[in-house]
Amino acid sequence: MPVELTILAWGMILLLVHIFAAVQVKTKQYGSKWNMGARDEALPPLNALAGRLSRAQVNFMETLPIAIVALIGVVVAGKTSEWTALGGWIWLGARIVYLPLYGFGVPVIRSLFFLLGLIGLLIVLWPLLGF
């Protein structure tokens, strides 16, 4: 199996980590009744940690489709290489580090890891662009 698919599978595990980290902190703030309910009621703003984890989740979900297309694309096109694997690992590693940096409210360095993840995705996408 191509390593790019393994990277993508780990990316899906990271998505679950994002989802559960955010909802766990929200549940701690709003209670288990909120978690198991329809969530229709108006609520006070999220506390700082819950807000950061929710924003980190949304950020990950915004860039995840690019990773999916890139990693599956190189496999389907038969353009996998050491570079596409490296780019995939860079993306995944940067996104793993990004979550706690965002959760702890670390500015600048968090943004640098976001950019590193984008660079990893561009490395994977490069062969699909015909270069």
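Data block above holds the structure.
Residues numbered from 1 in each chain as written. Predicted model: local features only at pLDDT ≥ 70, side-chain atom pairs only at ≥ 80, totals over all residues. Heavy atoms only, no water.

Draft legend 1. How the structure looks around the overall build of the chain. Within the chain one finds five helices and zero strands. Starting at the N terminus, the α and β elements of the chain follow one another as α-α-α-α-α. By principal-axis analysis of the C-alpha atoms, the chain measures approximately 50 × 30 × 20 Å. Within the chain, buried positions represent 34% of all 131 residues. Across the chain, the fraction of contacts at a sequence separation of at least 24, relative to all contacts at a separation of at least 6, is 74%. As displayed, the chain has an accessible area near 7600 Å², and 73% of this comes from carbon and sulfur atoms. (Helix = DSSP H or I, 4+ residues; strand = E, 2+ residues; numbered from the N terminus. Buried < 20%, exposed > 50% of the residue type's maximum accessible area, 1.4 Å probe, protein only. Contact = heavy atoms within 4.5 Å. Areas by Shrake-Rupley, 256 points an atom, 1.4 Å probe, with all protein chains shown as cover.)

Draft legend 2. Layout of the packing of aromatic side chains. Scanning the model with the defined rule gives four aromatic pairs in all. When the ring of Tyr-98 is compared with that of Phe-114, the centres are 6.2 Å apart and the planes differ by 50 degrees; the resulting orientation is tilted. Taken as a pair, Tyr-98 in helix α4 (residues 82–103) and Phe-114 in helix α5 (residues 109–125) lie far apart in primary sequence, 16 residues in all. Judged by its relative accessible area of 3%, Tyr-98 is buried. By the ring-pair criterion, three or more aromatic residues cluster together here, those being Tyr-98, Tyr-102 and Phe-114. Here the basic side chain of Arg-110 rests over the ring of Tyr-102, its NZ or CZ set 4.1 Å away from the ring centre. (Phe/Tyr/Trp six-rings, centres within 6.5 Å; stacked < 30°, edge-to-face > 60°. Lys NZ or Arg CZ within 6 Å of the ring centre and 35° of its normal.)

Draft legend 3. Local environment of the packing of helix α3 (residues 48–76) against α4. With their axes 9 Å apart at the nearest point, α3 and α4 run at an angle of 175 degrees to one another. In terms of their interaxial angle, α3 and α4 are classed as roughly antiparallel. Across from Leu-49, Arg-52, Leu-53, Arg-55, Ala-56, Asn-59, Phe-60, Thr-63, Leu-64, Ala-67, Leu-71 and Val-74 in α3, the residues of α4 making contact are Thr-84, Gly-88, Trp-91, Arg-95, Tyr-98, Leu-99, Tyr-102 and Gly-103. Each residue belonging to the contact of α3 with α4 can be placed in one class, and the counts come to twelve nonpolar, five polar and three charged. (Axes fitted to C-alpha atoms, helices over the stretch in contact; angles between N-to-C directions. Parallel < 35°, antiparallel > 145°, perpendicular 65-115°, else oblique. Nonpolar A, V, L, I, M, F, W, Y, C, P; charged D, E, K, R; others polar.)

Draft legend 4. Here's a closer look at a nonpolar patch on the surface. On the surface, a cluster of nonpolar side chains totalling about 670 Å² of accessible area is made up of Trp-10, Ile-13, Leu-16, Val-17, Ile-19, Phe-20 and Trp-89. Looking at the nonpolar patch, the element that brings in the most residues is helix α1 (residues 3–30), giving six residues. By secondary structure assignment, the location of Ile-13 is in helix α1. Judged by relative accessible area, Ile-13 falls into the partly exposed class, the value being 41%. (Patch = residues over 30% accessible without salt bridge, like charges linked within 9 Å, V, L, I, M, F, W, Y side chains within 5 Å. Salt bridge = Lys/Arg side-chain N within 4 Å of Asp/Glu carboxyl O.)

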